[in-house]
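# Structural overview
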Amino acid sequence: MAVNGKRNRKRKAKVPRPNPLHALGATLRDSWQRVPWVRMLTLCTGMAVLLSVYVVTLWLMNRPIEAVVIDGAFDRVSAIQVEDALGMYIQTGFLSADLHAIRRQLRELPWVANANVRRRWPGTIEVSIEEQSPAARWGDAGLLNIDGALFIQNVTHAPAELPLLHGPPGLEHAVAE
């Protein structure tokens, strides 16, 4: 049939080409529907609640250090030296205080042979100090402990009753035996 002198043509039906994006979307849609979303959401919520409880508990229990108890027979080490060594550590909280670092710091004091540090609830740090026992004088101004280790190189007053030992530097232990 002609309209306005033109002939109507019958159009060919287009064969739809498969779109790869539609196929990918269908695959993703199917896989997302198979995920147990309620279970995943419950698990994530539970983990968030547990983490929150843990953080809040640590925050509440990490109270300030209220007291430091120093124990030991002090002949050469003073409580002031111990307090100075503990200075930066007691500014932290009860749980966040690094007991190993405190112990290392105390053992670096000249006359300290051993130091034990522990917590006592609710806010006390207990420090127990054991002093070095001099066994011999080393050279002009050094002192050896009972293990033969040189623990002080320049002492101002060495006990005269201690035996006097001499030897090359670094061989204190061998000479003491």
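Just above, that's the structure.
Here we summarise the structure given alongside this text. Keep in mind the model is a prediction, meaning the values are calculated, not measured.

### Focus on the sheet that holds strand E5 (residues 124–131)
For sheets, the rule is that strands pair by backbone hydrogen bonds, running either parallel or antiparallel. The three strands are arranged E3-E5-E4 in an open sheet whose pairing can be described as mixed. Both edges of this open sheet fall to strand E3 (67–71) and strand E4 (112–120), since each of them pairs with a single strand only. When strand polarity is set aside, the average angle formed by the axes of neighbouring strands in this sheet is 20°. Of the pairings in the sheet, the one linking E4 to E5 comprises eight bridges and is antiparallel in character. Bridge pairing in E5 places Asn114 opposite Glu130.

### A closer look at helix H4 (residues 99–107)
Among the residues making up H4, those that are buried are Leu99, Ala101, Ile102 and Leu106. One side of H4 holds all its buried residues, which, seen down the axis, span an arc of 160°. Away from its buried face by more than 90 degrees, H4 exposes His100 and Arg104. Those residues of H4 that are buried are in contact with helix H3 (79–86), E4 and E5.

### Some remarks on the sheet that holds strand E7 (residues 142–145)
Taken in spatial order, the four strands make up an open sheet running E8-E7-E6-E9, and their pairing is mixed. Because the sheet does not close on itself, it has two edges, and the strands there are strand E8 (150–152) and strand E9 (164–165). With four bridges joining them, strand E6 (residues 134–138) and E7 adopt antiparallel strand pairing. Directly across from Ala136, in E7, lies its bridge partner Leu144.

### Brief notes about the packing of aromatic side chains
The full count for this structure, using the stated rule, is one aromatic pair. Taken together, a centroid distance of 5.6 Å and an interplanar angle of 70° make the contact between Phe94 and Trp121 edge-to-face. With a gap of 27 residues between them, Phe94 in the loop between H3 and H4 and Trp121 in the loop between E4 and E5 connect regions that are remote in the sequence. Under the relative-accessibility criterion, Phe94 is labelled buried at 4%. The aromatic ring of Trp121 is capped on one face by Arg63, whose charged end is 5.9 Å from the ring centroid. In this structure, Arg76 packs its charged tip against the face of Trp111, placed 4.8 Å from the ring centre.

### Considering the packing of H3 against H4
Two elements in contact, H3 and H4, have axes whose closest approach is 9 Å; the angle formed by their N-to-C orientations is 140°. By the angle class used here, H3 and H4 are oblique. In the crossing of H3 with H4, the sense of the turn from one axis to the other is right-handed. Every residue of H4 that contacts H3 at Val82, Ala85 and Leu86 is listed here: Ile102, Gln105 and Leu106. Looking at the contact of H3 with H4 residue by residue, the classes come out as five nonpolar, one polar and no charged.

Scoring rules and cut-offs
- Residues numbered from 1 in each chain as written.
- Predicted model: local features only at pLDDT ≥ 70, side-chain atom pairs only at ≥ 80, totals over all residues.
- Heavy atoms only, no water.
- Pairing = 2+ DSSP bridges.
- Helix = DSSP H or I, 4+ residues; strand = E, 2+ residues; numbered from the N terminus.
- Axes fitted to C-alpha atoms, helices over the stretch in contact; angles between N-to-C directions.
- Buried < 20%, exposed > 50% of the residue type's maximum accessible area, 1.4 Å probe, protein only.
- Arc of directions from axis to C-beta.
- Contact = heavy atoms within 4.5 Å.
- Phe/Tyr/Trp six-rings, centres within 6.5 Å; stacked < 30°, edge-to-face > 60°.
- Lys NZ or Arg CZ within 6 Å of the ring centre and 35° of its normal.
- Parallel < 35°, antiparallel > 145°, perpendicular 65-115°, else oblique.
- Left-handed = near helix turned anticlockwise from the far one by under 90°.
- Nonpolar A, V, L, I, M, F, W, Y, C, P; charged D, E, K, R; others polar.

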